[in-house]
Amino acid sequence: MLTLTNVSAGYGAFQALFGVSLEVRAGESVAVIGPNGAGKTTLLRVISKLIDASAGEMTMEGARLDAVPAHEVIARGIAHVPENRRLFPRLSVEENLRMGAFLPAARAKFAERLKFVFSLFPRMEERRAQPAGTLSGGEQQMCAIGRALMSGPKLLLLDEPSAGLAPVVVQSIFALVKRICAEGYTVLIVEQNVRQVLQVVDRAYLLETGRIKASGDAASLLGDAEIRKAYLGI
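Residues numbered from 1 in each chain as written. Predicted model: local features only at pLDDT ≥ 70, side-chain atom pairs only at ≥ 80, totals over all residues. Heavy atoms only, no water.

Draft legend 1. Representation of the overall build of the chain within the structure. Helix and strand content of the chain: ten helices and ten strands. For a compact globule of 234 residues, the expected C-alpha radius of gyration is about 17 Å, and the chain comes in at 17 Å, within 12% of that figure. In terms of overall dimensions, the chain has a C-alpha envelope of 45 × 45 × 30 Å along the principal axes. Residue burial in the chain is summarised as follows: out of 234 residues, 51% are buried. A separation threshold of at least 6 residues defines the contact pool for the chain, and within that pool the share at least 24 residues apart is 67%. Accessible surface for the chain amounts to roughly 10,700 Å². Of this, 51% is attributable to carbon and sulfur atoms. Distance between charge centroids for the chain: 3 Å, based on 27 positive and 23 negative side chains. (Helix = DSSP H or I, 4+ residues; strand = E, 2+ residues; numbered from the N terminus. Rg over C-alpha atoms; globule rule 2.2 N^0.38 Å. Buried < 20%, exposed > 50% of the residue type's maximum accessible area, 1.4 Å probe, protein only. Contact = heavy atoms within 4.5 Å. Areas by Shrake-Rupley, 256 points an atom, 1.4 Å probe, with all protein chains shown as cover. Lys, Arg positive; Asp, Glu negative; His and termini not counted. Charge placed at Lys NZ, Arg CZ, Asp CG, Glu CD.)

Draft legend 2. Local environment of the pattern of salt bridges. All chains considered together, the criterion is met by twelve salt bridges. For Arg25, the salt bridge is made with Glu23, and the minimal N-O distance between the two is 3.8 Å. For Arg25, a relative accessible area of 41% gives the class partly exposed. In this structure, Glu139 and Arg127 form a salt bridge, with 3.0 Å as the shortest nitrogen-oxygen distance. (Salt bridge = Lys/Arg side-chain N within 4 Å of Asp/Glu carboxyl O.)

Draft legend 3. Region of the structure containing the packing of aromatic side chains. Summed over all chains, the structure comprises one aromatic pair. The side chain of Arg98 reaches across the aromatic face of Phe110, ending 4.0 Å from its centre. The side chain of Arg211 reaches across the aromatic face of Phe18, ending 4.1 Å from its centre. (Phe/Tyr/Trp six-rings, centres within 6.5 Å; stacked < 30°, edge-to-face > 60°. Lys NZ or Arg CZ within 6 Å of the ring centre and 35° of its normal.)

Draft legend 4. Highlighting the pairing of strand S3 (residues 29-33). Burial analysis of S3 places five of its five residues in the buried class, the great majority of the element. Here S3 shows no split at all, with Ser29, Ala31 and Ile33 on one side and Val30 and Val32 on the other all buried. Direction of pairing for S3 relative to strand S8 (residues 186-191): parallel, over a ladder of five bridges. In the sheet register, Ile33 faces S8, and the bridge partner there is Glu191. Relative to strand S9 (residues 203-208), S3 runs parallel, the two being bridged by four bridges. (Pairing = 2+ DSSP bridges.)

Draft legend 5. Fine view of the packing of helix H6 (residues 137-149) against helix H7 (residues 167-182). The interhelical angle for the contact between H6 and H7, taken along N-to-C directions, is 15 degrees, at an axis separation of 10 Å. With respect to H7, the element H6 is oriented roughly parallel. Between H6 and H7 the crossing geometry is right-handed. In this structure, H6 contributes Gly138, Gln141, Met142, Ile145 and Leu149 to the contact, and H7 contributes Val169, Ile173, Leu176 and Ile180. Classifying every residue of the contact of H6 with H7 by side-chain character gives seven nonpolar, two polar and no charged. (Axes fitted to C-alpha atoms, helices over the stretch in contact; angles between N-to-C directions. Parallel < 35°, antiparallel > 145°, perpendicular 65-115°, else oblique. Left-handed = near helix turned anticlockwise from the far one by under 90°. Nonpolar A, V, L, I, M, F, W, Y, C, P; charged D, E, K, R; others polar.)

Draft legend 6. Broad picture of the sheet that holds strand S5 (residues 63-64). Taken in spatial order, the four strands make up an open sheet running S2-S1-S4-S5, and their pairing is antiparallel. Strands at the two margins of the open sheet, each flanked by one partner only, are strand S2 (14-24) and S5. Pairing of strand S1 (residues 2-11) with strand S4 (residues 55-60), which is carried by five bridges, proceeds in the antiparallel orientation. Bridged to Thr5 within S4 is Glu57. Where helix H1 (residues 40-47) meets the sheet, it contacts S1, S2 and S4, and its direction lies at approximately 115 degrees from that of S1.

Draft legend 7. Looking closely at the environment of Glu183. On the secondary structure map, Glu183 appears in the loop between H7 and S8. Overall, Glu183 belongs to the partly exposed group, its relative accessible area being 41%. Considering only alpha carbons, one finds Glu183 and Gly27, 156 residues apart in sequence, at a separation of 9.2 Å.

Draft legend 8. Molecular detail of the side chain of Ser48. Relative to the elements of secondary structure, Ser48 occurs in the loop between H1 and S4. The exposure class of Ser48 is buried, given its relative accessible area of 7%. The contact partners of Ser48, leaving out residues within four places of it in the chain, are Ala70, Val73, His80 and Leu157.

Draft legend 9. Just helix H4 (residues 110-120), in detail. Of the positions making up H4, those classed as buried are Phe110, Arg113, Leu114, Phe116, Val117, Phe118 and Leu120. Buried residues belonging to H4 abut helix H2 (93-99), helix H3 (104-108), helix H5 (122-126), H6 and H7.

Below, the structure written as structure tokens:
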């Protein structure tokens, strides 16, 4: 579905990604793991065209993404849940969800998509009239994921969904990610919580200092001695 080939990117004179190549197949859940500053968030921003790649090629379902402007990416089936949620705090939960369904095709299925999101996140239905800015951190994350799902995406990008959340809330968020994957969505997730994320995805890539250092199925990476020592403290 999504293929990156030798993609490089950065911010001005600072280069954050160096020749990154990866693939996400339809129906897969794939993680990009690595330490702070490895380039994980930059990678998702490149895919959703928030920043331009300086080199390399990206394709989505065989079509080049290189020249696609950011505002058209969602129409290609890519929905991005950014780091720190980026909700509209003064709008209600339901209004935030409606913002995720602004494409004509999504507007036509608004009621159907809303029912689906509420089935995944019953708490969002309970708080549908509440300003999003007054929700707890975990509830805001649910709202942000729900907003992305309202577009009916082919590929869901999740940027550090566990960031800043209490451990008990982190567990519930990963359980929801697992359920979304079980619903058949294709998911690319970047995450520092290596132990948790490798328990819910099919495959993973290890990104260090802007370069892919390792890749494989989640179970093999979870059992890799070097990764366990460096990231799991074992």
